[in-house]
Amino acid sequence: MYEIGLGAAVSVGFYWLLVKVPEIAKRKRLRNYLLASYEAFRRDATYQFLFASGQRSVDPDMVEELLPQKAFREHFRQPSSKVHGDLWHDVANGLEPHHRRELFAIMSMLRDDMLYVLNNTDVADQKSFDFLHRLTKAIASHDPRSEDYDDDKMLLRLFWSIMAGWNLVTGYEEEDQIARIIRRI
């Protein structure tokens, strides 16, 4: 009995050392990579929206301040001096083909990073897994070559939900749901 117990303990120990510890380290690396990618996505998109709203130059410190969803939402809900509406309307009116291309490029990079992480680690929570797959499909559904007004509205609706935390069911979220889901990987 002693030898069987010792053999089982050694087997479990080797399993943890050779399988579980590297898997946990890999999951942590992938999680941190995806969080950094998502933050870069938010930063690059914020630059594009500020330029599309008519700003000629953008202070990097201002972009950093606008990274939290609440700050982004408050900034782009300020009244516009150009049209009857807010700064988000200025973004919609100032969206040029080069902005669409840049937004599509950063969306594609985020989608590729999400797919890489999803393919290289097991997401144990089914809701998180489903959400990330729905997000990758939503990102892939946009065509940067389209200059149709309705396509722009759909694109800006997607970005508003990501950047400002808008959810059709619950309204504005207090916490960034995408970052929370990535941290749960």
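Refer to the structure printed above.
What counts and what doesn't
- Residues numbered from 1 in each chain as written.
- Predicted model: local features only at pLDDT ≥ 70, side-chain atom pairs only at ≥ 80, totals over all residues.
- Heavy atoms only, no water.
- Helix = DSSP H or I, 4+ residues; strand = E, 2+ residues; numbered from the N terminus.
- Buried < 20%, exposed > 50% of the residue type's maximum accessible area, 1.4 Å probe, protein only.
- Lys, Arg positive; Asp, Glu negative; His and termini not counted.
- Salt bridge = Lys/Arg side-chain N within 4 Å of Asp/Glu carboxyl O.
- Polar contact = N/O pair within 3.5 Å; in protein donor to acceptor, adjacent residues only side chain to side chain.
- Contact = heavy atoms within 4.5 Å.
- Expected span 1.5 Å × (residues − 1).
- Core = buried A, V, L, I, M, F, W, Y, C linked by side-chain atoms within 4.5 Å.
- 1 Å grid on protein atoms, 1.4 Å probe; cavity = no way out; pocket = protein on both sides within 12 Å on 5 of 7 lines; lining within 4 Å.
- Points joined across faces, edges and corners; volume = space filled by probe spheres on them.
- Nonpolar A, V, L, I, M, F, W, Y, C, P; charged D, E, K, R; others polar.

(A) Spotlight on the side chain of Asp90. Within the element layout of this structure, Asp90 appears in helix α4 (residues 87-94). One buried charged residue, Asp90, remains without a salt bridge, the closest side chain of opposite sign being Lys82 at 4.8 Å. Reaching out from Asp90, the side chain makes a polar contact with the side chain of Ser80 at a distance of 2.7 Å. Apart from residues no more than four positions distant in its own chain, Asp90 is found in contact with Ala52, Ser53, Ser80, Lys82 and Val83.

(B) View of helix α7 (residues 149-164). Over its 16 residues, α7 extends 21 Å from the first C-alpha to the last, a length consistent with the 22 Å expected when each residue adds 1.5 Å. Within α7, burial applies to Asp152, Leu155, Leu156, Leu158, Phe159, Trp160, Ile162, Met163 and Ala164. Where α7 terminates, the next one or two residues include Gly165, which has phi positive at roughly 80°.

(C) Highlighting the nonpolar core. Within the largest apolar cluster, 41 residues are counted, with the highest numbers of intra-cluster contacts made by Phe41, Phe49, Phe76 and Phe159. With residues near it in sequence (within four places) discarded, Phe76 still touches Phe49, Leu50, Ser53, Asp86, Leu87, Trp88, Val91 and Trp160.

(D) The arrangement of the layout of surface pockets in detail. Its volume calculated, the largest pocket comes out at about 630 Å³. If you go around the largest pocket, you meet 22 residues; those closest to its centre are Phe131, Ser161, Trp166, Asn167 and Leu168. When residues of the lining of the largest pocket are assigned to their parent elements, the largest contribution, 6 residues, is made by helix α6 (residues 126-140). Of the residues assigned to the lining of the largest pocket, the class counts are 10 nonpolar, 6 polar and 6 charged. What the second largest pocket holds in volume is close to 360 Å³. Lining the second largest pocket are Arg77, Asp86, Trp88, His89, Ala92, Asn93, Tyr149, Asp152, Lys153, Leu156, Arg157 and Trp160.

(E) Highlighting the environment of Gly171. With respect to the helices, strands and loops of the structure, Gly171 is situated in strand β2 (residues 171-172). A relative accessible area of 13% means that Gly171 is categorised as buried. With 170 residues separating them in the primary sequence, Gly171 and Met1 have C-alpha atoms 61 Å apart. Gly171 has contacts with Gly165 and Trp166, leaving out every residue within four places of it along the chain.

Geometry only, nothing functional implied.
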